[in-house]
Amino acid sequence: MTEPRRIRVLDPRLANQIAAGEVVERPASVVKELVENAIDAGSRRIEVDLEAGGARLIRVRDDGSGIGEEDLPLALSRHATSKILSLEELEGVASLGFRGEALASISSVSRLELVSNTDDDPTAGWRVVAEGRQMEPRVSPAPHPRGTSVTVRDLFFNTPARRKFLRTEKTEFGHVEEAFRRQALSRFDIGWVLRHNQKTLHQLRPGDDPVARERRIASLLGKGFLENALHLDLGAAGLRLWGWVGLPTHSRAQADQQYFFVNGRVVRDRLVAHAIRQAYRDVLFHGRHPVFVLYLEVDPTVVDVNVHPTKHEVRFRDGRMVHDFLFSSLHRALSESRAGHPGAGHP
Ligand code: ADP
Ligand code: MG
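Given the structure is predicted, the values throughout are model-derived calculations rather than measurements. (Residues numbered from 1 in each chain as written. Chains lettered and ligands numbered in written order. Predicted model: local features only at pLDDT ≥ 70, side-chain atom pairs only at ≥ 80, totals over all residues.)

Quick look at the site of ligand 1
Taken together, 22 residues lie around ligand 1, and Asn37, Ala41, Thr81, Gly97 and Ala102 are the ones closest in. Looking at the shell around ligand 1, the elements with two or more residues in it are α2 (27-40) and α5 (102-108). Within the shell around ligand 1, the residues separate by chemical class into eight nonpolar, nine polar and five charged. (Near = placed C-beta within 6 Å. Helix = DSSP H or I, 4+ residues; strand = E, 2+ residues; numbered from the N terminus. Nonpolar A, V, L, I, M, F, W, Y, C, P; charged D, E, K, R; others polar.)

Put into structure tokens, the structure is as follows:
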């Protein structure tokens, strides 16, 4: 018989590295978390810089609220967040983050530097570094315009087993670009830049009017997307669904142009997927996939976003009602288009 081993509380660094396994899979997941923080900080402009597909360097720069000097070391601690204080707040949470884990996790598996300034004076600002959480974060003065820059170098340098799972530079960059595309589609009012190895690949001006939105869609998804899509904007019972759905004639062999947002959050949800599939069922050939960029707006208290650490999944309080609303809205838009009418109204 083996002797029982003593139970011990994990060292915080190890606890963070284990937690990192859930949210930090690859450079794209780091970009997603850093960009979500930038959005939550009320930024109007977000720049993402990468080197070597993100394995060597990921930098996200924003012009948001910034983090005060006293809060800087806390920003890197686990379960430390400025976004919720109570369970009641979690139930109606409107921010993308709330778990207070991303920066702690990322800094436990990389060399992370955060520079931030809450002030309009560009010579003010503070810097904090954490290197694989081997040392307590050190805070020192560093000039920065109002906002925050987070630089993540050498992802997984101290967890070789994870590093081995990184694919080629091109593959990792492809995942980052897809994450960027989703984020940029989620907020038309924010200006975005994506650079890889010093080359600018996307530069998107902010604009939330119909023309600016379509300009962004064309820039991110190609001109063909809009030429073969219907615009719709429908509401019922406190729900609003708007966006673009591809004509059945414009289906794809892969489900690679499907974007669905719930209250600005990128979501992959079975219920949603099922409703859309049903709506297209009679008009698409078997094995083909529709394209869409759809925005569902609901009261935040009727949707639970705390289902999974990556928050890609959601749970609706009344799933059936949401399903029926999605199905009937899309079904109507698609059958009107087949009857030769324009969609449910073009902007
Ligand atoms: P969460 O987003 O769940 O709160 P994070 O670990 O991602 O947890 O971030 C911790 C905290 O650090 C946030 O609650 C926020 O106060 C602060 N923070 C992180 N990134 C930024 C940013 N870009 N701008 C302003 N504050 C930030
Ligand atoms: Mg966050």
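Things to note about the domain arrangement of the protein
We note that the domain assignment places domain 1 (12-204) and domain 2 (222-338) within the protein. Taking only C-alpha atoms, the centre of domain 1 and the centre of domain 2 are 29 Å apart. Of all the elements in the fold, those that place two or more residues in the side of domain 1 that touches domain 2 are α1 (12-23), α4 (87-91) and α7 (169-186). For the side of domain 1 that touches domain 2, the leading source of residues is α7, giving three residues. A class-by-class count of the residues in the side of domain 1 that touches domain 2 yields six nonpolar, two polar and five charged. (Domains from an automatic or database assignment.)

Some details on the pairing of strand β1 (residues 45-51)
Where burial is concerned, the two faces of β1 differ: the one with Ile46, Val48 and Leu50 is buried and the one with Arg45, Glu47, Asp49 and Glu51 is not. Here β1 runs beside strand β7 (residues 191-196); their pairing, made up of six bridges, is parallel. Bridge assignment links Val48 to a residue of β7, and that residue is Leu194. Here β1 pairs with strand β2 (residues 57-62) via six bridges, running antiparallel. Within the sheet, the bridge partner assigned to Ile46 lies in β2 and is Asp62. (Buried ≥ 20, exposed ≤ 12 C-beta atoms within 10 Å, placed from the backbone. Pairing = 2+ DSSP bridges.)

Quick notes on the nonpolar core
Grouped together as the largest cluster of nonpolar side chains are 78 residues, with contacts concentrated most on Val31, Val60, Ile106 and Val245. Considering each element in turn, this core owes the most residues, seven residues, to α2. Residues from two domains meet in this core; each of domain 1 (12-204) and domain 2 (222-338) gives at least three. In this structure Val60 touches Val31, Leu34, Val35, Ala38, Ile46, Val48 and Val150, once residues within four positions along its chain are discounted. (Core = buried A, V, L, I, M, F, W, Y, C linked by C-beta atoms within 7 Å. Contact = placed C-beta atoms within 7 Å.)

Things to note about the sheet that holds β2
Taken in spatial order, the eight strands line up as β5-β4-β3-β6-β2-β1-β7-β8 in an open sheet, and their pairing is mixed. The sheet terminates laterally at β5 (138-141) and β8 (199-204), the two strands that pair on one side only. Between one strand axis and the next, the sheet turns through 15° on average, direction left out of account. When strand β4 (residues 126-131) meets β5, the two strands line up antiparallel, connected through four bridges. Bridging across to β5, Val129 finds its partner in Arg138. Against the sheet, α2 engages β1, β2 and β6 (147-153), with an angle of about 15° to β2. The strands touched by α7 within the sheet are β1, β7 and β8, with β7 carrying the most contacts at an inclination of about 175°. (Axes fitted to C-alpha atoms, helices over the stretch in contact; angles between N-to-C directions.)

Concerning the sheet that holds strand β12 (residues 265-266)
Overall, mixed pairing links the five strands, which are arranged β9-β10-β13-β11-β12 in an open sheet. A strand with exactly one partner marks an edge of an open sheet, and here the two such strands are β9 (229-236) and β12. Sheet analysis places β9 next to strand β10 (residues 239-246), joined by eight bridges and oriented antiparallel. The partner of Ala229 across the bridge, within β10, is Gly246. Along the sheet face, α7 touches β11 (258-262), β12 and β13 (292-297) and points at about 50° away from the line of β11.

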